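Observations on the three-dimensional arrangement
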Amino acid sequence: MIISNGLSRVCVAGVLLGVSLCATARQVSEVQAGVMSADIRRTGFGIPHIRASDERGLGYGIGYAYAQDNLCLLANEVVTVNGQRARYFGAEQATLEERNNLTSDVFFTWLNTPQDVAAFWKAQTPQVQQRLEGYVAGYNRYLQERGAQGRPMQCQGAWVRPINTADLVKLTRRLLVEGGVGQFAEALVGATPPQPSVAVRRSARAFELATLNQQRFALDRGSNAVAVGGERSFNGRGMLLANPHFPWVGGMRFYQMHLTIPGQLDVMGAALPGLPVVNIGFNQHVAWTHTVDTSKHFTLYRLTLDPKDATRYLLDGKSIPMQKTQVTVQVRGADGSLKDQSQTVYSSQFGPVVQWPGKLDWNGQYAFSLRDANLGNDRVLHQWYAMNQARSLKDLQASVHTLQGIPWVNTLAADDQGQSLYMNLSVVPNVSAKKLEQCSDPRVGLELIVLDGAHSACAWDIDPRAAQPGIFAADQLPQLARKDYVQHSNDSAWMANPKAPLSGFSPVVSQDHIALGARSRFALQRLQDLDKQPITRTDLQHMVLDNRVYLAGQVMPDLLKFCAQQPDATLKTLCTRLKDWDQKANLDSGLGLVHFIHVMEHMQQMPDVWRVAFDPSHPQTTPRGLAIEQPPVVKALREAMQASVAQVSELGLKEGARWGDIQVSGNTPMHGGPQALGIYNAMQSVPRADGKREVVSGSSYLQIVTFDDQGPKAEGVLAFSLSSDPASPHFKDQTQAFSAKKLSPLPFTEQQIKADPQYQVQLISEKR
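In this text the structure is predicted, and so the values were computed from the model without any measurement. (Residues numbered from 1 in each chain as written. Predicted model: local features only at pLDDT ≥ 70, side-chain atom pairs only at ≥ 80, totals over all residues. Heavy atoms only, no water.)

On to the overall build of the chain. Counting its regular elements, the chain contains 21 helices and 31 strands. Against the compact-globule benchmark of 27 Å for 768 residues, the chain has a radius of gyration of 27 Å, which places it among compact chains. Seen through its C-alpha atoms, the chain measures out along the principal axes to roughly 80 × 65 × 55 Å. In the chain, which comprises 768 residues, the share counted as buried stands at 59%. A separation of at least 24 residues holds for 69% of the contacts in the chain among residues at least 6 apart in sequence. Considering the chain, the positive charge centre built from 73 side chains and the negative charge centre built from 69 side chains are found 2 Å apart. (Helix = DSSP H or I, 4+ residues; strand = E, 2+ residues; numbered from the N terminus. Rg over C-alpha atoms; globule rule 2.2 N^0.38 Å. Buried < 20%, exposed > 50% of the residue type's maximum accessible area, 1.4 Å probe, protein only. Contact = heavy atoms within 4.5 Å. Lys, Arg positive; Asp, Glu negative; His and termini not counted. Charge placed at Lys NZ, Arg CZ, Asp CG, Glu CD.)

Structural data, given as structure tokens:
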């Protein structure tokens, strides 16, 4: 049954009131009769407001609505996490992340064993289990309704099937290891004992892609966030800017939804595929968001091998055999036949052995194991479930302290009482600074934590107060409550608020007195500029959407000074474009932006490029300026400018080209740009065959929440739109709104939902 706002406003109000009351009564009676039911009410841009009278019914509505919008996306991810890509698509094809199918299958078959999946399911609360069961039923109902021939073109193959709760567990476990062993799939699958007489074939290209994926992890899954307290907000209540930078395709693509169980739950925001909870959002009293943290969520262990056998390692002087796990997957041949292919995965007591040529070599003396803290995190769904229900900032903080289920992100939040909060309370290995000093090689540095696997004393410490053995207890991690503000843009916890630096933590948790990223410096400068006036919703929106290129303000005087000294005629046009550029990354920004991107991409890789080097006592203003008085810098700058002129020519960019002609999503122009330049509205785009650049990640779910006496007032936009189905009317409607810098009110109350001009309601139910 579908009802829409096609009647007159007065008539609709009466009809909908009746429908609402009838629907609530119907749901109660259906629950009593053993029927699962939900109302899916859609407003502008197709946003689903899902209401049910119990957990299973709510999950049922979520799964059905998600399938309506993203059937093929979830089906594809289910194939991936079940290790069946080579079976259906062939071993040599690749995932959306450009990972070889066979490698992906071996990794996920190893990760999602029946035993691990069953243990994760058993650890869930009854409420979470019921919601997952409902999700499965809702998704499967819609799949059945579409039928094999009625599905979208991109998912009509035999690989699309009904899902089960194990599939959702596997999707969740995939999310957990994104910040750890998930980045080492090639290294885990490729780990092979040294064989002097046998040449072991390595795919250099596979490891090149894996390296790029590691480097892009924080870029593709970065974020900005500002939580403003009552001392700085326009009305004395809390405010929140949520600006996560997540992939625009695949298993990390956000979905917008509003979930309600009358009297128990009322939460709105965005969720990742397959998750029946809101990850970033707001309810009546609290708004929260996440940013990818810099904490370590895994450590490596260097194993000292038994000289007699490279598959045995020495621990406290004893020789211990590695565990060997045979992982078997099915592979489709060119003739369509299936055959089994097996791979041995080796593990020590610290975790699987990983081998990365030139970085983590398995030779006759050493091998390396990886221990991922989130492999023991079975609390993640319950964590977001509890946050969704928080009735105050204190409730939200208490749930994170108790459960410690946040996998690899910071949490920033604000409430209707004017409090703001920053928490770096994710799952972090309990490795103190003292243990690092005793057990790690200082020559390796801190980019990867490598501990000595020859001594059991180097194992992670156990704190009985922690929610999980081997991780830091919550009170040992950075957190800061303020009445003015907290902010974060993927740096350490140190400068969440410069008035109260967070320092003195284990380097595994957070490092202080290190250079801030350009986005953090931009945010701190903007908040400082607003110090003499109350911060408004418009101020937060402008932080993202005015697309100021922060780094331009730090180096442009030097670039123009350099330009004025150059006799080279080939650089005159470039210099003119730089001078004319407005120092923003808007749709109408000209070729000066393109040249600036090219030049600074080159210069930022050069040592000693800054006139004023980083000074820990002035983290907000250093480094700055280009050292154009230094001959090596002059030489590099000239080469970078000449290279940029050549690039622009090769791309065929005409004199009047605008940024919106170059960076696009499909055929929709996109503003924003590289985060390394301090563009708060960070966008990752890749070259296309037609010379344009396609956005692949960046600003995704943009949410600004304030509070008043009636509750939350929220505006937002899902930059890549709700549906991944090209045939859907909601495939690019919000993308076009984002391109036009239009945020829309997010209907939250019953009155707001029913008054929406695009309001429709669908009632679904079935026997349990």
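Pairs may arise between side chains of opposite charge once their charged atoms sit close together. By the definition in use, this model includes 31 salt bridges. Across the salt bridge formed by Arg611 and Glu629, the nearest N and O atoms sit 3.5 Å from each other. Here the residue Arg611 occupies a position in strand S22 (residues 610–612), and Glu629 occupies one in the loop between strand S23 (624–626) and helix H18 (631–650), the gap between them amounting to 18 residues. Look at Arg611 and you get partly exposed, because its relative accessible area is 38%. When the shortest N-O distance is used, the salt bridge between Lys754 and Glu750 registers 3.4 Å. Of this pair, Lys754 and Glu750 both sit in helix H21 (residues 750–755), four residues apart, roughly one helical turn. Classification of Glu750 by relative accessible area gives partly exposed; the value is 31%. The network of salt bridges with shared partners includes Asp39, Arg41, Arg51, Glu750 and Lys754. (Salt bridge = Lys/Arg side-chain N within 4 Å of Asp/Glu carboxyl O.)

Attention now moves to the nonpolar core. Counting 191 residues, the largest nonpolar core has Phe107, Phe254, Leu259, Met322, Val354, Trp362 and Leu540 as the members making the most contacts within it. When residues in this core are grouped by element, the largest group, 15 residues, is from helix H2 (residues 55–81). For Phe107, the contacting residues outside a window of four places in its chain are Val177, Val181, Gly182, Ala185, Leu188 and Val189. In this structure, Ala627, Val633, Ile662 and Ile679 belong to the second largest nonpolar core, which totals 40 residues. (Core = buried A, V, L, I, M, F, W, Y, C linked by side-chain atoms within 4.5 Å.)

Moving on, we get to the side chain of Ser665. By the secondary structure assignment, Ser665 is in strand S24 (residues 663–665). Assessed through its relative accessible area of 16%, Ser665 is described here as buried.

Right, let's get into the UniProt feature "active site" (unreviewed entry) in the chain. Residues given the UniProt feature "active site" (unreviewed entry) here are Ser223. Not counting the four nearest positions on each side in its chain, Ser223 is found in contact with Asn243, Pro244, His245, Phe246, His290, Thr291, His488, Ser489, Asn490 and Arg519. Of note is the side chain of Ser223, whose polar atom sits 3.4 Å from the backbone nitrogen of His245. (UniProt positions renumbered as here; feature names shortened; annotations may be inferred. Polar contact = N/O pair within 3.5 Å; in protein donor to acceptor, adjacent residues only side chain to side chain.)

Cis geometry marks the peptide bond from Thr622 to Pro623; its omega dihedral reads 0°. By the element assignment, Pro623 lies in the loop between S22 and S23. Of note in the backbone geometry, Glu98 takes a positive phi value of approximately 65° without being a glycine. Assignment of secondary structure puts Glu98 in the loop between helix H3 (85–89) and helix H4 (101–111). Even without a glycine there, the phi angle at Gln583 is positive, about 65°.

Taken as a whole and assessed by the stated rule, the structure comprises three disulfides. Linked covalently through their sulfurs, Cys72 and Cys155 form a disulfide whose S-S length is 2.0 Å. Residues Cys72 and Cys155 are joined through a disulfide that is left-handed, its torsion about the S-S bond being -55°. Here Cys155 lies in the loop between helix H6 (126–150) and helix H7 (165–176) and Cys72 lies in helix H2, a separation of 83 residues in the sequence. Pair check on accessibility: Cys72 and Cys155 agree, each one buried. Cysteine pairing for the chain (bonded cysteines numbered in sequence order): 1-2, 3-4, 5-6. (Disulfide = S-S within 2.5 Å.)

Quick look at the packing of aromatic side chains now. In the structure shown here, the tally under the stated rule is 15 aromatic pairs. Residues Phe522 and Tyr680 carry aromatic rings whose centres are separated by 5.3 Å and whose planes lie at 50° to one another, so their mutual orientation is tilted. You can see Phe522 sitting in helix H13 (residues 518–529) and its partner Tyr680 sitting in the loop between strand S25 (668–669) and strand S26 (683–687), a full 158 residues away along the chain. Neither residue differs from the other here; Phe522 and Tyr680 are each classed as buried. Sitting over the face of the ring of Tyr366, Arg302 holds its NZ or CZ atom 4.3 Å from the ring centroid. Sitting over the face of the ring of Trp356, Lys359 holds its NZ or CZ atom 4.3 Å from the ring centroid. (Phe/Tyr/Trp six-rings, centres within 6.5 Å; stacked < 30°, edge-to-face > 60°. Lys NZ or Arg CZ within 6 Å of the ring centre and 35° of its normal.)

Burial runs high along helix H14 (residues 537–545): seven of the nine residues are buried. Regarding H14, the residues found buried are Arg537, Asp539, Leu540, Gln541, Met543, Val544 and Leu545. Asn547 sits one or two residues past H14 and shows a positive phi near 55°.

On to the packing of helix H15 (residues 550–564) against H18. Where H15 meets H18, the axes come as close as 12 Å, and the angle between the chain directions of the two elements is 85°. What the angle tells us is that H15 and H18 run roughly perpendicular. Judged by residue contacts, Leu559, Phe562 and Cys563 of H15 engage Val634, Leu637, Arg638 and Met641 from H18. Classifying every residue of the contact of H15 with H18 gives six nonpolar, no polar and one charged. (Axes fitted to C-alpha atoms, helices over the stretch in contact; angles between N-to-C directions. Parallel < 35°, antiparallel > 145°, perpendicular 65-115°, else oblique. Nonpolar A, V, L, I, M, F, W, Y, C, P; charged D, E, K, R; others polar.)

Turning next to the environment of Lys742. By secondary structure assignment, the location of Lys742 is in the loop between helix H20 (733–739) and strand S30 (744–745). With relative accessibility at 56%, the residue Lys742 sits in the exposed group. Residues Lys742 and Gly716, spaced 26 residues apart in sequence, show a C-alpha to C-alpha distance of 8.5 Å.

Let's shift gears to the confidence of the model for the chain. Chain-level pLDDT for the chain is 93 on average; 92% of the residues reach the 70-or-more range. Low confidence marks residues 6–19, where pLDDT is under 50. Its contacts with residues over four positions away, or in another chain, come to twelve contacts. (pLDDT = per-residue confidence, 0-100.)

Let's shift gears to the environment of Asp306. Take Asp306: it is sitting in strand S10 (residues 298–306). Taking C-alpha positions, Asp306 is 41 Å from Ala493, a pair spaced 187 residues apart along the chain. Aside from chain neighbours lying at most four places away, what touches Asp306 is Arg312, Tyr313, Leu314 and Ser319. Within the structure, the side chain of Asp306 is placed 2.9 Å from the backbone nitrogen of Lys308, a separation counted as a polar contact.

Each α-helix winds once per 3.6 residues, and so residues spaced three or four apart point in a common direction. Its twelve residues place the ends of H13 16 Å apart at the C-alpha level, agreeing with the 16 Å of an ideal helix rising 1.5 Å per residue. Counting buried positions along H13 gives nine out of twelve residues, so the element sits mostly inside the fold. Listed as buried for H13 are Ala518, Arg519, Ser520, Arg521, Phe522, Ala523, Leu524, Arg526 and Leu527. If you follow the buried residues of H13, they end up packed against strand S4 (222–228), strand S5 (239–247), strand S21 (485–488), H14, H15 and S23. (Expected span 1.5 Å × (residues − 1).)

What follows covers the pairing of strand S12 (residues 318–321). Pairing of strand S11 (residues 309–315) with S12, which is carried by four bridges, proceeds in the antiparallel orientation. Across the sheet, residue Leu315 finds its bridge partner in S12, namely Lys318. The loop that links S11 with its antiparallel partner S12 comprises two residues; one of these, Asp316, has a positive phi angle of about 50°. (Pairing = 2+ DSSP bridges.)

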